[in-house]
Amino acid sequence: MSEEVEVKVIDFRKVEDKCGMSKTEAFQIYVAQFARPGVVYEVIMRDADTWLAIQEIARDMGFEILDAGRREEEGVYYVRLTLAV
Amino acid sequence: MSGGYPGPLVSIEWLEQNLGKPGVKVIEVDYDPQSAYYVGHIPGALLIDWKKDLNKYPERDIIDPEGFERLMRRLGIENDDHVVLYGDFNNWFAAFAYWVFKMYGHDKVSLLNGGRTKWIALGKPLTKEVPKVGRESNYRVVKVDLRYRAFFIDVMRKLRDPNVVLVDVRSPEEYRGEITAPPEYPNEQAQRGGHIPGAVNIPWKNAVNEDGTFKSVEELRRLYESKGVTPDKEIIVYCRIGERAAHTWFVLKEILGYPKVRVYDGSWSEWGNMVGVPIKTGDEP
């Protein structure tokens with residue numbers, strides 16, 4: 001039996017709505033500072049620009065990108081990531 | 001330049017057909033270049049870093065004409081070049097740059113409809129390669145047009161003038177006075193929350209579609225006219241530091257063709273910190 005992996009969803013909607021908030025700071029504040037090893041985080045957002053940036057920022061901050069794409073039916077982009085060990 | 005100036009707004013298809021043509025210069029304008037331009041940009045695009053390049057220091061102001069000349073020369077932009085701007089945060093800062101270009105008399109400038117967001121969403125090519133500017137240009141600012149800019153004193157004088165409409169393009173929460181700025185931005189905080197008395201709230205995002213492109217002319221006209229923002233009035237637009245206001249200025253001036261539209265770029269970070277100025281809170285103008 002495979003071990004169940006905890007997935008935490010983080011919606012970046014509020015970040016995207018903020019005026020001029022740096023994506024790096026946003027990732028630091030809403031994801032990186034709370035991230036724990038073994039937990040999978042799914043960051044969801046609505047614009048492709050943020051989606052691309054978050055993948056780069058996450059790698060730079062020591063995360064492993066597990067999956068990234070778009071869910072058309074929900075109208076969202078997502079990045080699944082976890083702290084690289 | 002072949003094909004002539006296509007107007008203030010160009011599509012991604014237009015840009016693809018004209019990318020690399022002589023006289024067409026593409027510039028990405030970012031608030032946060034590290035998570036935008038340097039992650040990947042349109043091949044051949046130059047960079048304007050909004051904070052460093054378009055703002056004057058130590059005063060709070062936009063760059064002066066000499067500063068604009070230096071910037072254009074460094075980027076190799078000639079007076080006759082057609083400059084296409086796009087950028088992060090839904091083109092807010094690109095729209096701000098557009099407004100600065102127009103004030104300094106560079107008329108052959110366009111905004112890329114949809115900006116970075118749509119370019120990336122369509123899977124168009126990106127590069128990390130920073131283009132080399134062969135030589136500095138001989139750019140000269142030959143006219144300065146301040147009709148597009150409003151200062152604090154202009155707004156004070158126009159308060160309650162029935163021929164003037166103030167448009168607050170911030171979020172409803174900011175307009176009502178529930179928040180002044182995100183806590184991460186202490187330098188953009190204001191001592192007071194609320195809005196300038198008489199200002200109508202039409203958030204910038206009401207003007208764009210999900211993909212970041214502007215809504216149709218008919219939709220935009222309905223949106224603004226329903227709130228009393230009509231072309232016979234003098235319009236002053238503001239937000240918190242001016243970039244969202246520039247986005248709406250672009251809509252009113254360049255898409256809808258309103259004749260008298262100004263950006264109050266001091267915006268709430270000035271008004272909300274001034275002593276003794278009138279402020280209104282809540283939903284009503």
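Being a predicted model, the structure only gives us computed values, none of them experimental.

It is worth spelling out the overall build of chain A at this point. Within chain A one finds three helices and four strands. Shown N-terminal to C-terminal, the secondary structure of chain A runs as helices and strands in the order β-α-α-β-α-β-β. For chain A, buried positions account for 52% of its 85 residues. Put simply, 62% of the contacts in chain A that link residues at least 6 apart link residues at least 24 apart. For chain A, the exposed area adds up to about 4500 Å²; of that, 50% sits on carbon and sulfur atoms.

Attention shifts here to the side chain of B:Asp81. Residue and element names in this part refer to chain B. Mapped onto the elements of the fold, aspartate 81 is located in the loop between helix 3 (65-75) and strand 6 (82-87). Reaching out from aspartate 81, the side chain makes a polar contact with the backbone nitrogen of glutamate 78 at a distance of 2.8 Å. Not counting chain neighbours up to four residues away, the residues in contact with aspartate 81 comprise Gly23, Lys25, Gly76, His106 and Lys108.

Turning our attention to the sheet that holds strand 12 (residues 261-264) of chain B. All names here are of chain B. Taking strand neighbours across the sheet as the criterion, the five strands line up as 8-12-11-9-10 in an open arrangement whose pairing is parallel. If you trace the sheet from one side to the other, it starts and ends with strand 8 (149-150) and strand 10 (200-201), each paired once. As defined by bridge partners, strand 9 (residues 164-168) adjoins strand 11 (residues 234-238) across five bridges and the pair is classed as parallel. Considered in strand 11, the bridge of valine 164 is made with glutamate 234. The sheet strands contacting helix 9 (residues 243-255) are strand 11 and strand 12, and the helix crosses strand 12 at an angle near 180°.

Residues and elements named next belong to chain B. Pairing is parallel in the open sheet, where five strands are placed in the order 1-7-6-2-3. Looking at strand neighbours, the two that pair on one side only are strand 1 (9-10) and strand 3 (46-49), the edges of this open sheet. Against the sheet, helix 3 touches strand 2 (24-30) and strand 3, its axis set at about 155° to strand 3.

With that settled, the discussion passes to the interface of chain A and chain B. Taken together, the 19 residues of chain A in the interface contact 21 residues of chain B. Among the ionic pairs, A:Asp49 bridges to B:Arg116, the shortest N-O distance being 2.7 Å. Viewed at the interface, chain B and chain A are joined by four residue pairs in polar contact (both at pLDDT 80 or more). Put simply, the parts of the chain that give the side of chain A that touches chain B at least two residues each are helix 2 (23-30) and helix 3 (48-60) of chain A. In terms of residue class, the side of chain A that touches chain B is built from nine nonpolar, three polar and seven charged.

In this section: the packing of aromatic side chains. Using the criterion set out here, one finds 24 aromatic pairs over all chains in the structure. On the basis of an interplanar angle of 90° and a centroid distance of 5.0 Å, the ring pair of B:Phe68 and B:Phe101 is categorised as edge-to-face. Of the two residues, B:Phe68 is situated in helix 3 and B:Phe101 in helix 4 (residues 92-103); the sequence distance between them amounts to 33 residues. For the pair shown, B:Phe68 and B:Phe101 are each scored as buried. Three or more aromatic residues joined by ring pairs form one cluster here, namely B:Tyr31, B:Trp50, B:Phe89, B:Trp92, B:Phe93, B:Phe96, B:Trp99 and B:Trp204. Sitting over the ring of A:Tyr77, A:Arg70 keeps its end group 4.7 Å from the ring centre.

Rules used throughout
- Residues numbered from 1 in each chain as written.
- Chains lettered and ligands numbered in written order.
- Predicted model: local features only at pLDDT ≥ 70, side-chain atom pairs only at ≥ 80, totals over all residues.
- Heavy atoms only, no water.
- Helix = DSSP H or I, 4+ residues; strand = E, 2+ residues; numbered from the N terminus.
- Buried < 20%, exposed > 50% of the residue type's maximum accessible area, 1.4 Å probe, protein only.
- Contact = heavy atoms within 4.5 Å.
- Areas by Shrake-Rupley, 256 points an atom, 1.4 Å probe, with all protein chains shown as cover.
- Polar contact = N/O pair within 3.5 Å; in protein donor to acceptor, adjacent residues only side chain to side chain.
- Pairing = 2+ DSSP bridges.
- Axes fitted to C-alpha atoms, helices over the stretch in contact; angles between N-to-C directions.
- Salt bridge = Lys/Arg side-chain N within 4 Å of Asp/Glu carboxyl O.
- Nonpolar A, V, L, I, M, F, W, Y, C, P; charged D, E, K, R; others polar.
- Phe/Tyr/Trp six-rings, centres within 6.5 Å; stacked < 30°, edge-to-face > 60°.
- Lys NZ or Arg CZ within 6 Å of the ring centre and 35° of its normal.

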